[in-house]
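# Architecture and fold: a report
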Amino acid sequence: MADKLQFDLVSPERVLVSDAVDMVVVPGAEGDFGVMAGHAPVMALLRPGLITTYENDRPARRIFVASGFAEVNPSGIIVLAENADDLSELPQERAMQMLRNAEEDLQAAGAASEAERAKLEQAVALARARSEAYTAP
């Protein structure tokens, strides 16, 4: 049996996940990357996307992260995420509603400042990425 990898997902408020897993696939800023026990140390910036944990060569958990950092060290991987949603706990319809709300907010912005408009556009992009996570393989 292969060695397990310690996976910790931490938000500013609390530890969201602390599990021993076979593998974790993380949405790096330069592309997805997989981490197994014995992986070389690395630090990576994350982009919006799915973290997928694996047990016995099967996906075990899918978590959407908006952004963050990943640190792979000899004892495992630590992901620091500002925002994370376990897809098993967030109904797809709720994610779709979040997207609709963000799009409505952007449409209603009208004469908003350039900075406010950019913030609303970013919220739409993030909500879209979250809703698309449900259809990702």
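Below: a short report on this structure.

This part covers the overall build of the protein chain. Scanning the protein chain from terminus to terminus reveals two helices and ten strands. Summarising its shape, the C-alpha atoms of the protein chain cover approximately 60 × 30 × 25 Å along the three principal directions. Within the protein chain, buried positions represent 37% of all 137 residues. In the protein chain, the share of contacts with a sequence separation of at least 24, taken over all contacts with a separation of at least 6, comes to 51%. Counting only carbon and sulfur atoms, one obtains 52% of the accessible surface of the protein chain, whose full area is about 8100 Å².

In a regular helix each residue adds 1.5 Å, so 17 residues correspond to 24 Å; helix α1 (residues 92-108) covers 24 Å between its end C-alpha atoms and thus fits that length. Within the span of α1, buried status applies to A95, L99, A102 and L106. One side of α1 holds all its buried residues, which, seen down the axis, span an arc of 65 degrees. Residues of α1 that are exposed and angled more than 90 degrees away from the buried face: E93, Q107 and A108.

Further remarks concern the nonpolar core. Judged by nonpolar contacts, the single largest core of 20 residues is most densely connected at F7, L9, V24, I51, I77 and V79. Mapped onto this core, the elements with two or more residues apiece are β1 (5-10), β2 (15-21), β3 (23-28), β4 (31-36), β5 (42-46), β7 (58-65), β8 (68-73) and β9 (76-81). Contacts of I77, omitting those with residues within four sequence positions, involve L5, Q6, F7, D8, V24, V26, V35, A70, E71 and V72.

Even without being glycine, N56 reaches a positive phi, approximately 50 degrees. Within the secondary structure, N56 is located in the loop between β6 (49-55) and β7. Note on N56: relative accessible area 55%, which makes it exposed.

With that out of the way, let us pick up the pattern of salt bridges. Following the criterion strictly, the structure yields eight salt bridges and no others. A salt bridge links D19 to R61, with the shortest nitrogen-to-oxygen separation between them at 3.2 Å. Placement of the pair is D19 in strand β2 and R61 in strand β7, with a sequence separation of 42 residues. According to the relative accessible area criterion, R61 is partly exposed, its value standing at 24%. A salt bridge links R128 to E103; its shortest N-O distance comes to 2.9 Å. Linking R128 in helix α2 (residues 114-132) with E103 in helix α1, this pair joins segments that are 25 residues apart in sequence. On the basis of relative accessible area, E103 is assigned to the partly exposed category, the value being 31%. Three or more residues are tied together by salt bridges with common partners; here these are K4, D22 and E55.

Let us look at α2. Compared with an ideal rise of 1.5 Å per residue, which puts 19 residues at 27 Å, α2 spans 27 Å between its outermost C-alpha atoms and is within 8% of the ideal. Among all positions in α2, only L120, V124, A127, R130 and S131 are buried. Each buried residue of α2 lies within a common arc of 125 degrees when the element is viewed along its axis, so the set occupies one face. Exposed positions of α2 whose direction lies more than 90 degrees from the buried face are E114, A115 and Q122.

Conventions and cut-offs
The residue count restarts for each chain, going from 1 along the sequence in the order it is written. Side-chain atom pairs in this predicted model are given and counted only at pLDDT of 80 or more, local residue features only at pLDDT of at least 70, and totals for whole chains, interfaces and linings cover all residues. Side-chain calculation: all heavy atoms of the structure are included, whereas hydrogens and water are not. Put simply, DSSP marks the helices as runs of H or I at least four residues long and the strands as runs of E at least two long, and each gets a number from the N terminus on. Each residue gets one of three labels from its accessible area relative to the maximum for its type: buried under 20%, exposed over 50%, partly exposed in between, using a 1.4 Å probe on protein chains only. Note on contacts: a residue pair is in contact if any heavy atoms of the two residues lie within 4.5 Å. Accessible surface area values rest on a Shrake-Rupley calculation with a 1.4 Å probe, where residue burial reflects the displayed protein chains alone. To estimate how far a helix should reach, multiply one less than its number of residues by 1.5 Å. Directions drawn from the helix axis to the C-beta atoms are what define this arc. Side-chain atoms within 4.5 Å link the members of a nonpolar core, which is a set of buried Ala, Val, Leu, Ile, Met, Phe, Trp, Tyr and Cys residues. Think of a salt bridge as a Lys or Arg side-chain nitrogen and an Asp or Glu carboxyl oxygen that are within 4 Å of each other.

That is the geometry; function is a separate question.
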